[in-house]
Amino acid sequence: MGADELVVVGAINVDLVVAAPRLPGPGETVVGPGVERYGGGKGANAAVAAARAGARVHLIAAIGDDDTGDTALAELRHDHVTTDHVVRLAGTPTGVALIVVDPDGENQIAVGAGANAALTAAHVRAAVGALVPRAGCVLVSTEIPGDAIEAAVRTATDAGVPCVLNPAPVVPAVERLLGFGPIVTPNRTELFDLVDGAASDTARAARRIGERTGAPVIVTLGGDGALVVPVDGPPSMVPAHAVQVRDTTGAGDTFNGVLAAAIASGRPLAEAVDDAMAAAALSVGAIGARAGMPDAAAIATFRH
Ligand code: RIB
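Overview of the structure. Bear in mind that the values here come from a model prediction, so they are computed numbers and not experimental data.

Calculation notes
Residues numbered from 1 in each chain as written. Predicted model: local features only at pLDDT ≥ 70, side-chain atom pairs only at ≥ 80, totals over all residues. Heavy atoms only, no water. Helix = DSSP H or I, 4+ residues; strand = E, 2+ residues; numbered from the N terminus. Buried < 20%, exposed > 50% of the residue type's maximum accessible area, 1.4 Å probe, protein only. Contact = heavy atoms within 4.5 Å. Areas by Shrake-Rupley, 256 points an atom, 1.4 Å probe, with all protein chains shown as cover. Lys, Arg positive; Asp, Glu negative; His and termini not counted. Charge placed at Lys NZ, Arg CZ, Asp CG, Glu CD. Core = buried A, V, L, I, M, F, W, Y, C linked by side-chain atoms within 4.5 Å. Near = heavy atom within 4 Å. Polar contact = N/O pair within 3.5 Å; in protein donor to acceptor, adjacent residues only side chain to side chain. 1 Å grid on protein atoms, 1.4 Å probe; cavity = no way out; pocket = protein on both sides within 12 Å on 5 of 7 lines; lining within 4 Å. Sits in = over half its atoms within 2 Å of the grid points. Nonpolar A, V, L, I, M, F, W, Y, C, P; charged D, E, K, R; others polar. Disulfide = S-S within 2.5 Å. Points joined across faces, edges and corners; volume = space filled by probe spheres on them. Pairing = 2+ DSSP bridges. Axes fitted to C-alpha atoms, helices over the stretch in contact; angles between N-to-C directions.

Looking at the overall build of the chain
Each helix and strand counted, the chain has 10 helices and 13 strands in total. Seen through its principal axes, the chain has C-alpha atoms that stretch 50 × 40 × 40 Å. Residue burial in the chain is summarised as follows: out of 304 residues, 52% are buried. Partitioning the intrachain contacts of the chain with sequence separation of at least 6 by distance along the chain shows that 68% fall at a separation of at least 24. When the accessible area of the chain is evaluated, it comes to approximately 12400 Å², of which 54% is carbon and sulfur surface. Across the chain, the mean location of the 20 positive side-chain charges is 3 Å away from that of the 33 negative side-chain charges.

Shown next as structure tokens:
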């Protein structure tokens, strides 16, 4: 068996979603017809996207010892995500995200981190260390403590395994970890947060990050596509697919999960980005972070 499995380190949430006529402003109440419950969390979402795309995926994360945690685990296992390294923390609730989605598919999200905030660096270091011999890529997102993020990136890169770091949200640990050489995948807002105003356009800002990582930088730009800035050579724009948008929640997670799955299996970066773009486009067609995530066959059909 080759080292082609994917290790994902990040958060597991339950998403409570209200589809409303518009997003609320400060102090404003908006009313939708009901509230729906979906599986969420950037780590768990990316793990599911990668598994549906055909990868063998291990998730390293934390949940509470509550019913919500039971449901979250069952959903992940249903999608063939290996959860042996998901810890259950007594007396701690599973993370919850409160999400409002408007008719254009835009969203607002507030997360109560719960168990995600108690994921320890020691657990992450041990779990990533046990899995890296068979891993082709480690994907890390940042809704977990900074020292757990650091443990994941450093353990992967010390072992020479490609690491994708999705800085969603941008936290201080991300800046500290650029020198370890991860492939960083910010959206436009996260990119400019990371360079802290030191560059005025997207390509220059991404180049600044790439100079620090010595690795490709991929900026996701929603309906405008993605900008790929290689280590050497000019940046290239990958156009977005034209699709009907119902809910953009989880589109970035889908992109990262499918990108990392393709990298884990040894595919060239350009092909990995094409797959990730196709999967992200398909993912926005249904309400709920994981509801529209495609399988490998759907990705392959949509790409061509
Ligand atoms: O990226 C979307 C995810 O962000 C949601 O599923 C929510 O749980 C938050 O983590």
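Concerning the environment of Ile 263
Checked against the element boundaries, Ile 263 lands in helix H8 (residues 251-264). We classify Ile 263 as buried; its relative accessible area is 12%. In this structure the C-alpha to C-alpha distance between Ile 263 and Thr 249, which are 14 residues apart in sequence, comes to 23 Å. Among all residues touching Ile 263, those that are not within four sequence positions of it are Gly 136, Cys 137, Pro 162, Val 164, Ile 183, Leu 269 and Ala 272.

Things to note about the nonpolar core
Judged by nonpolar contacts, the single largest core of 46 residues is most densely connected at Leu 6, Ile 12, Val 57, Leu 59 and Leu 259. Top element by residues in this core is H8. It accounts for eight residues. If you look at the next biggest cluster of nonpolar residues, it comprises 44 residues, including Val 9, Ala 127, Val 184 and Leu 221.

Details of the site of the ligand
Near the ligand, the surroundings consist of 13 residues, among which Asp 15, Gly 41, Lys 42, Glu 143 and Asp 253 are the closest. Between the ligand and Asp 15 there is a distance of 2.6 Å, counted from an oxygen atom to a side-chain nitrogen or oxygen. The contact in question runs from an oxygen atom of the ligand to an N or O atom on the side chain of Asp 253, over 2.7 Å. Here the ligand, which alone exposes 280 Å², has 97% of that area covered by the protein. Using a 2 Å cut-off from the grid points, one finds that the ligand occupies the largest pocket. Going through the elements one at a time, strand E2 (13-19) and helix H1 (42-52) are the ones with two or more residues in the shell around the ligand. When grouped by side-chain class, the residues that make up the shell around the ligand number three nonpolar, six polar and four charged.

Things to note about the state of the cysteines
Throughout the structure, instances matching the rule amount to zero disulfides. Not part of a disulfide, Cys 137 finds its nearest cysteine sulfur in Cys 163, a span of 7.0 Å. What makes Cys 163 buried here is its relative accessible area of 3%.

What to know about the layout of surface pockets
Quantified by volume, the largest pocket comes out at close to 1100 Å³. If you trace the largest pocket, you find 42 residues lining it, with Asn 187, Thr 248, Gly 250, Ala 251 and Gly 252 closest to the centre. Here the element with the most residues in the lining of the largest pocket is H8; it accounts for five residues. In the lining of the largest pocket, the residues fall into 18 nonpolar, 17 polar and seven charged. If you add up the space inside the second largest pocket, you get close to 190 Å³. Together, 15 residues line the second largest pocket, and Ala 53, Gly 54, Ala 55, Ala 261 and Arg 267 are the ones closest to its centre. Sorting the residues of the lining of the second largest pocket by element identifies H8 and helix H10 (296-303) as the ones contributing at least two each. In terms of residue count, H8 provides more of the lining of the second largest pocket than any other element does, four residues in total.

Describing the sheet that holds E2
One open sheet accounts for four strands, arranged E3-E2-E6-E7; its pairing is mixed. At either end of the open sheet lies a strand with only one pairing partner, and these are strand E3 (36-40) and strand E7 (107-112). Here the strands of the sheet are splayed against their neighbours by 25° on average, with no regard to which way each runs. Across seven bridges, the pairing between E2 and strand E6 (residues 95-101) is parallel. Each bridged residue has a counterpart across the sheet, and for Val 18 the counterpart in E6 is Val 100.

Structural notes on unusual backbone geometry
Following Ala 168, the chain continues into Pro 169 via a peptide bond in cis, with omega recorded as 0°. For Pro 169, the position within the fold is in the loop between strand E9 (163-166) and helix H5 (172-177). Unlike most non-glycine residues, His 80 shows phi in positive territory, near 65°.

Some remarks on the environment of Ala 55
Counting through the fold element by element, Ala 55 comes out in the loop between H1 and strand E4 (57-64). For Ala 55, a relative accessible area of 17% translates into the label buried. For the pair formed by Ala 55 and Ala 251, sequence separation is 196 residues and the distance between their alpha carbons is 18 Å. For Ala 55, the residues in contact, after removing those within four places along its chain, are Ala 50 and Ala 261.

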